[in-house]
Each structure stands twice: as structure tokens, then as C-alpha cells.
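Residue strings, one per chain:
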Amino acid sequence: MDRRRALLLGAAAALAACAKPAPAPVGSDGKPLPQVYHIKPGDESVISYRMLDGVNALRQSKGVPQVQFNAALIAACATHSRDMAVQNRPWHFGSDGSSPLVRVQRVGYTGKLLGELISETYQTELVTLSDWMNQADTRDMVLDSRATEMGFSWFQEPSGKLWWTMLLGTNAL
């Protein structure tokens, strides 16, 4: 009896694996509707390094040196991402009027800040990077050959909305 049950369960599992997944809902333009990207606890380092690897792959393809994470820049990014959520607007100034330069000074960054990228979205870090690469000014920042260090962080609201922040700097003075 147990053997038959095991065979039936195995057959049911095999059939279930063959089933087609439900198609993604599409909008009036025929394109898939965006899906909310929920970040689970414990995924932080995977997401951070996926972004770093993506940035460095793009930089390598253009022949510019790779960047590495800087803890102070990461701290400034985390602070600004949360602050943008509190303000409910993506912009480069903190709720206290602080600029990116002031925020990196507050966390003790000793290099030279080259720029800040921000985004408000429900999409993944790599879709966000792709969006940055589709605009000349933000693409130029990602590919700035002077950059040697990067900070990257985000804040996710309960609704799934993400506030992404990336800072690029150089320690070569």
C-alpha cells in the first residue's frame, strides 16, 4: 500500500512539473505588467553583489577599471534611501537639506565623491541598473573611469516600493 501511494505521489509530482506556468499578465500595449520585487531577509548581500558585478561587467566591457565596495559610501546610500522614502520623492537632497557631498562627509568618507544615482521603483536592482544605462548622464556616471569605489543600498516599503541609491567615488587623490 505504501509503495502504491509513493508511486502515485511521484507520478502526480512529475505531471505537476510538466504543467505550463500561468502567463504573466500583460498591459494594453502587449508588454508584461511589472511585478513587485519583494526582497526577503537574508538577500541583502546577494542583491548588493549582483549590482556590483553588473556595474563591473559594464565597466569592463568599456575598458574602464572595476570598482569595489566602500563601507562609508554604503552607509550614506542606506541613509539616503530611507530618507527618500520618508519624503516620498526621489531626489538628491535629504529631508534636512543635505547634499550627497554632505552625507558622505557625515559618514567619514575620505575619498572624492563623483556622483549619486537614485531611483524609485518596484523593479529589481538589475532592471534599475539597465534603466540608468539607458540615460546618457547616469550611464556616464556608472562608466566614469575615475571611479574606484561604490556604495549601493536601498529601502523597501511594505508595499514593495524600492528606493535605490548608488554613490561612486574615488580614493585616488
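Small disclaimer: the values here were computed from a predicted structure and weren't measured.

Quick look at the overall build of the chain
Okay, so step 1: Across its full length, the chain carries six helices and four strands.
Okay, so step 2: Taking all 173 residues of the chain together, the buried fraction comes to 39%.
Okay, so step 3: Long-range contacts, defined as pairs at least 24 residues apart, comprise 67% of the intrachain contacts of the chain with a sequence gap of at least 6.
Okay, so step 4: Here the chain displays about 10,300 Å² of accessible surface, and carbon together with sulfur accounts for 58% of that area.

Digging into the packing of aromatic side chains
Okay, so step 1: One pass over the structure, following the stated rule, counts five aromatic pairs.
Okay, so step 2: Seen in terms of ring centroids, W154 and W164 are 5.6 Å apart; in terms of plane orientation they differ by 55°. Their pairing is tilted. Highlighted residues: W154 in strand β3 (residues 149-156) and W164 in strand β4 (residues 162-170), separated in sequence by ten residues.
Okay, so step 3: Grouped by ring-pair contacts, the aromatic residues F152, W154 and W164 constitute a single cluster.
Okay, so step 4: For the cation-ring pair, R89 lies above W91, with the distance from its terminal atom to the ring centre recorded as 3.8 Å.

A closer look at the environment of V142
Okay, so step 1: Within the secondary structure, V142 is located in helix α6 (residues 136-142).
Okay, so step 2: In sequence terms V142 and V55 are 87 residues apart; their C-alpha atoms lie 7.0 Å from each other.
Okay, so step 3: The residues contacting V142, other than those within four sequence positions of it, are V55, R59, L117, L129, M133 and L168.

A look at helix α2 (residues 44-61)
Okay, so step 1: Here α2 spans 26 Å end to end across 18 residues, near enough to the 26 Å set by a 1.5 Å rise per residue.
Okay, so step 2: G63 sits one or two positions beyond α2 and adopts a positive phi of about 75°.

Topic: unusual backbone geometry
Okay, so step 1: Positive phi outside glycine occurs at N88, with the angle close to 55°.
Okay, so step 2: Following the sequence through the fold, N88 ends up in the loop between α3 (71-87) and α4 (100-106).
Okay, so step 3: N88 gets classed as partly exposed once you look at its relative accessible area, which sits at 49%.

Looking at α3
Okay, so step 1: The terminal C-alpha atoms of α3 lie 24 Å apart, and with 17 residues this matches the ideal 24 Å at 1.5 Å per residue to within 8%.
Okay, so step 2: Among the residues of α3, those classed as buried are A72, L73, A76, C77, H80, S81, D83, M84, A85 and Q87.
Okay, so step 3: Its buried side turned inward, α3 meets α4, β2 (112-121), β3 and β4.
Okay, so step 4: For α3, the capping residue at the N-terminal end is N70, with a side-chain oxygen 2.9 Å from the backbone nitrogen of A72.
Okay, so step 5: Positive backbone phi, approximately 55°, marks N88, located one or two places after α3.

Rules used throughout
- Residues numbered from 1 in each chain as written.
- Predicted model: local features only at pLDDT ≥ 70, side-chain atom pairs only at ≥ 80, totals over all residues.
- Heavy atoms only, no water.
- Helix = DSSP H or I, 4+ residues; strand = E, 2+ residues; numbered from the N terminus.
- Buried < 20%, exposed > 50% of the residue type's maximum accessible area, 1.4 Å probe, protein only.
- Contact = heavy atoms within 4.5 Å.
- Areas by Shrake-Rupley, 256 points an atom, 1.4 Å probe, with all protein chains shown as cover.
- Phe/Tyr/Trp six-rings, centres within 6.5 Å; stacked < 30°, edge-to-face > 60°.
- Lys NZ or Arg CZ within 6 Å of the ring centre and 35° of its normal.
- Expected span 1.5 Å × (residues − 1).
- Polar contact = N/O pair within 3.5 Å; in protein donor to acceptor, adjacent residues only side chain to side chain.

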